[in-house]
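Reading the structure
Each chain, written out:
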Amino acid sequence: MPRKALQTCSKPGCPELVVSGYCDKHKVKSSQYHQDWQRLYDTQRWQRIRAIQLSVQPWCEECLRANIYTLATDVDHVEPHRGDRRKFFSGPFQSLCKRCHSAKTAAEVNGRGDQKSTG
C-alpha cells in the first residue's frame, strides 16, 4: 500500500519532513504554540471581524453548495493561519455551521486540508 507523501513540519519555517504534524523537535512545543495563537480569538478585533462576517454571510457556505440552508455559527479561516497574526486578521474568511467547521478543521489537523467537508 503506498504511503502518504512526506510534508514539512507544521512549525512555520521548519524544513524537517514528517508524515504529518510536527517534527520531533517541535512536537512538545506545539501545544504551547497553539495556546499562544488561541488567545487571538478572544480579542475585540477578532470579535468585530466575526460579527461582520456572520452578518454579511449568515448561511453556512459549505451547506449552501448542497442547496441546504443552515445558519452559520463559526467564522473559518479559508487558508489556515497557523499562528500568523497577519493571516489571522486579514482572512479570507467564510461562514460555516459548527458541523462543517469541525469537519474542515479535523481534515486540516489530520493532513487532509485539501478535501471539502460535506454539509
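1. Some details on the side chain of Asp-74
When you line up the elements, Asp-74 lands in strand 3 (residues 74-77). Buried charge without a salt bridge: Asp-74, with Lys-98 as the nearest opposite-charge side chain at an N-O distance of 4.0 Å. There is a polar contact of 3.1 Å between the side chain of Asp-74 and the side chain of His-101. In this structure Asp-74 touches Leu-54, Gln-94, Ser-95, Leu-96, Cys-97, Lys-98 and His-101, once residues within four positions along its chain are discounted.

2. A word on a nonpolar patch on the surface
On the surface, a nonpolar cluster with roughly 300 Å² of combined accessible area is contributed by Leu-6, Leu-17 and Val-19. Assignment of secondary structure puts Val-19 in the loop between strand 2 (17-18) and helix 1 (24-38).

3. Regarding the pairing of strand 3
Alternating residues of strand 3 divide into Asp-74 and Asp-76 and Val-75 and His-77, and every residue in both groups is buried. Bridging between strand 3 and strand 4 (residues 93-96) involves 4 bridges; their strand directions are antiparallel. Considered in strand 4, the bridge of Asp-76 is made with Gln-94.

The rules behind each value
Residues numbered from 1 in each chain as written. Predicted model: local features only at pLDDT ≥ 70, side-chain atom pairs only at ≥ 80, totals over all residues. Heavy atoms only, no water. Helix = DSSP H or I, 4+ residues; strand = E, 2+ residues; numbered from the N terminus. Buried < 20%, exposed > 50% of the residue type's maximum accessible area, 1.4 Å probe, protein only. Lys, Arg positive; Asp, Glu negative; His and termini not counted. Salt bridge = Lys/Arg side-chain N within 4 Å of Asp/Glu carboxyl O. Polar contact = N/O pair within 3.5 Å; in protein donor to acceptor, adjacent residues only side chain to side chain. Contact = heavy atoms within 4.5 Å. Patch = residues over 30% accessible without salt bridge, like charges linked within 9 Å, V, L, I, M, F, W, Y side chains within 5 Å. Areas by Shrake-Rupley, 256 points an atom, 1.4 Å probe, with all protein chains shown as cover. Pairing = 2+ DSSP bridges.

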